[in-house]
Protein chains: 2
Amino acid sequence: MNYSELANVLTQNNLKVTPQRVAVLEALMSLKDHPNADAIKEFVHKNHPNLAVGTIYNILETFCEKKIIRKVKTDRDFMRYDIEMHRHHHLYCEECDYIENYYDEELDKLLQEYFNRKKIPNFNIKDINLQILGNYNDHNPIKKKY
Amino acid sequence: MNYSELANVLTQNNLKVTPQRVAVLEALMSLKDHPNADAIKEFVHKNHPNLAVGTIYNILETFCEKKIIRKVKTDRDFMRYDIEMHRHHHLYCEECDYIENYYDEELDKLLQEYFNRKKIPNFNIKDINLQILGNYNDHNPIKKKY
DNA sequence: TACTAAATAGGAATAATTCTTATATGAGAA
DNA sequence: TTCTCATATAAGAATTATTCCTATTTAGTA
């Protein structure tokens, strides 16, 4: 995605186009494994060494409000961010803290049918996310982030 | 659960029985809504005003290692703890940050069958947790914690 | 170009959690 | 019971992710 495409994403969400926002958006698209604020900082600092950390948090919060990204939580202490907004679930590798997106329409259909049938009293379901915990067979240390 | 029953839980997990651990265990069993460390501190301080906060974190970490409790995170900022270790999922109320346990054997069976059939390449599933996001119809402000 | 609301930089403040170290204690051994 | 020692705790300092504050800058519009 080039600059004007990134800028378009912002414009379409009624956000002013700033170099900082474009840089953070680019970082979110480039970084795999659901980066935390620090990983995003590292990435954007390559080209924008003066971009303030507080600004990154501001931008991430703004993106969340506009539903451009989503927060992902693990057992650890910091927030991580996910730019993929198509329906998906998460694989959590317990050994390397890698998080991978898991897409499965059949599963989604199964869940949707199930909860249409079996309602939860007094509760309106807006979203269902599966946390699938486990570990990779071909555990690849390259994936390790910490 | 009385003192000796609580102590038994610790003994069965090869943990020394200390008043602090018993107090934290009691707090975890008494407090609903997946307390955070602060709520546990408040509870145990009624009877053990000198119990150090660091000790509470130590104990919670020990309990996690022994699988007596489990960590749960929301979009908010602190860790919360769940003593219910029977298979269950979580309802997250987006309006009041209440977390409720959701038990459904039929659902568990459905998921188990599904993933037995449809394996994920190179990934060993150890656990599956549904995060069911939404809000209560009869939204009760009493449930609000923050 | 000028204007204005919004965004950012920079750094201080906050607060949940972790770390450190001296002291205390539970549980088994004698 | 008393002794012993590995382990647990208290107390508070340290860490650190995130938020807050405010002066300055800037994007978008007229």
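All figures in this text were calculated on a predicted structure; none of them were measured in a lab.

A.B. asks: Help me out: how do you make sense of the overall build of chain A in this one?
C.D. replies: Scanning chain A for helices and strands turns up five helices and five strands. Along the chain direction, N to C, the helices and strands of chain A fall in the order α-α-α-α-β-β-β-β-α-β. A buried classification covers 45% of the 146 residues belonging to chain A. Taking as baseline every contact in chain A between residues at least 6 positions apart, the subset at least 24 positions apart corresponds to 48%. If you sum the accessible surface of chain A, you get close to 8,100 Å²; carbon and sulfur atoms cover 48% of it. One finds the centroid of the 21 positive side-chain charges in chain A at a distance of 6 Å from the centroid of its 22 negative side-chain charges.

A.B. asks: What should I look at first to understand the pairing of strand 2 (residues 79–82) of chain B in this one?
C.D. replies: Residue and element names in this part refer to chain B. Taking every second residue as pointing to the same face, both faces of strand 2 are buried, with M79 and Y81 on one and R80 and D82 on the other. In terms of strand pairing, strand 1 (residues 70–73) meets strand 2 through four bridges, oriented antiparallel. Counted as the bridge partner of R70 is D82 from strand 2. Here strand 1 folds back onto strand 2, and the loop between the two strands holds five residues.

A.B. asks: Before we go on, may I ask you to explain the protein's contact with DNA strand D in this structure?
C.D. replies: Not every one of the 18 residues close to DNA strand D is listed here, only the nearest: Y57 and M79 of chain A together with T18, R21 and T55 of chain B. Near the protein, meaning within 4 Å, the atoms of DNA strand D are sugar or phosphate in a fraction of 87%, with bases accounting for the rest. Here a sugar or linking oxygen of DNA strand D and a side-chain polar atom of K16 of chain B are 3.4 Å apart. Between a sugar or linking oxygen of DNA strand D and a side-chain N or O atom of Q20 of chain B, the distance comes to 2.8 Å. Of all the elements in the fold, those that place two or more residues in the surface near DNA strand D are helix 2 (19–30) and helix 4 (53–65) of chain B. Looking at the surface near DNA strand D residue by residue, the classes come out as nine nonpolar, five polar and four charged.

A.B. asks: Quick question: what am I supposed to make of the state of the cysteines here?
C.D. replies: Should the sulfur atoms of two cysteines be covalently bonded, the bond is a disulfide. One pass over the full model with this rule turns up zero disulfides over all chains. A disulfide-free cysteine, C64 of chain A has its sulfur positioned 19 Å from the sulfur of C93 of chain B, the nearest such atom. Judged by relative accessible area, which is 16%, C64 of chain A ranks as buried.

A.B. asks: Even after reading the chapter, I still don't get the sheet that holds strand 3 (residues 89–93) of chain B, so can you show me in this structure?
C.D. replies: Strand pairing in a sheet is mediated by backbone hydrogen bonds. Such pairs are either parallel or antiparallel. What the six strands build is an open sheet, ordered 4(A)-3(A)-5(A)-5(B)-3(B)-4(B); its pairing is mixed. This sheet does not close on itself; its edge strands, each paired only once, are strand 4 (99–102) of chain A together with strand 4 (99–102) of chain B. The mean inter-strand angle of the sheet, taken between neighbouring strand axes irrespective of direction, is 30 degrees. Strands in contact with helix 5 (residues 105–117) of chain A are strand 3 (89–93), strand 4 and strand 5 (123–136) of chain A together with strand 4 and strand 5 (123–136) of chain B; relative to strand 5 of chain A, the strand with the most contacts, it is inclined by about 140 degrees.

A.B. asks: Looking at this structure, I do not really get the protein's contact with DNA strand C. What am I missing?
C.D. replies: The environment of DNA strand C is made up of 17 residues, and the closest members are T18, Q20, R21 and T55 of chain A together with Y57 of chain B. Here the atoms of DNA strand C within 4 Å of the protein split so that 85% fall in sugar or phosphate, with bases taking the remainder. In this structure, a phosphate oxygen belonging to DNA strand C sits 3.3 Å away from a main-chain N or O atom of N50 of chain A. Of all elements in the fold, only helix 2 (19–30) and helix 4 (53–65) of chain A reach the threshold of two or more residues within the surface near DNA strand C. Tallied by class, residues from the surface near DNA strand C come to nine nonpolar, four polar and four charged.

A.B. asks: Could you clarify how one ought to interpret the domain arrangement of chain A in this entry?
C.D. replies: Often the size quoted for an interface is simply the accessible area lost on bringing the parts together. Residue and element names in this part refer to chain A. In terms of domains, chain A is made up of domain 1 (3–82) and domain 2 (89–143). In this complex, domain 1 contributes nine residues to the contact, which on the side of domain 2 involves 10 residues. Residues D97 and R80 are paired through a salt bridge, measuring 3.1 Å at the closest nitrogen-oxygen approach. There are six residue pairs in polar contact (both at pLDDT 80 or more) connecting domain 1 and domain 2. Of all the secondary-structure elements, those providing two or more residues to the side of domain 1 that touches domain 2 are strand 1 (70–72) and strand 2 (80–82). Looking at the side of domain 1 that touches domain 2 residue by residue, the classes come out as one nonpolar, two polar and six charged.

Conventions we followed
Residues numbered from 1 in each chain as written. Chains lettered and ligands numbered in written order. Predicted model: local features only at pLDDT ≥ 70, side-chain atom pairs only at ≥ 80, totals over all residues. Heavy atoms only, no water. Helix = DSSP H or I, 4+ residues; strand = E, 2+ residues; numbered from the N terminus. Buried < 20%, exposed > 50% of the residue type's maximum accessible area, 1.4 Å probe, protein only. Contact = heavy atoms within 4.5 Å. Areas by Shrake-Rupley, 256 points an atom, 1.4 Å probe, with all protein chains shown as cover. Lys, Arg positive; Asp, Glu negative; His and termini not counted. Charge placed at Lys NZ, Arg CZ, Asp CG, Glu CD. Pairing = 2+ DSSP bridges. Near = heavy atom within 4 Å. Polar contact = N/O pair within 3.5 Å; in protein donor to acceptor, adjacent residues only side chain to side chain. Nonpolar A, V, L, I, M, F, W, Y, C, P; charged D, E, K, R; others polar. Disulfide = S-S within 2.5 Å. Axes fitted to C-alpha atoms, helices over the stretch in contact; angles between N-to-C directions. Domains from an automatic or database assignment. Salt bridge = Lys/Arg side-chain N within 4 Å of Asp/Glu carboxyl O.

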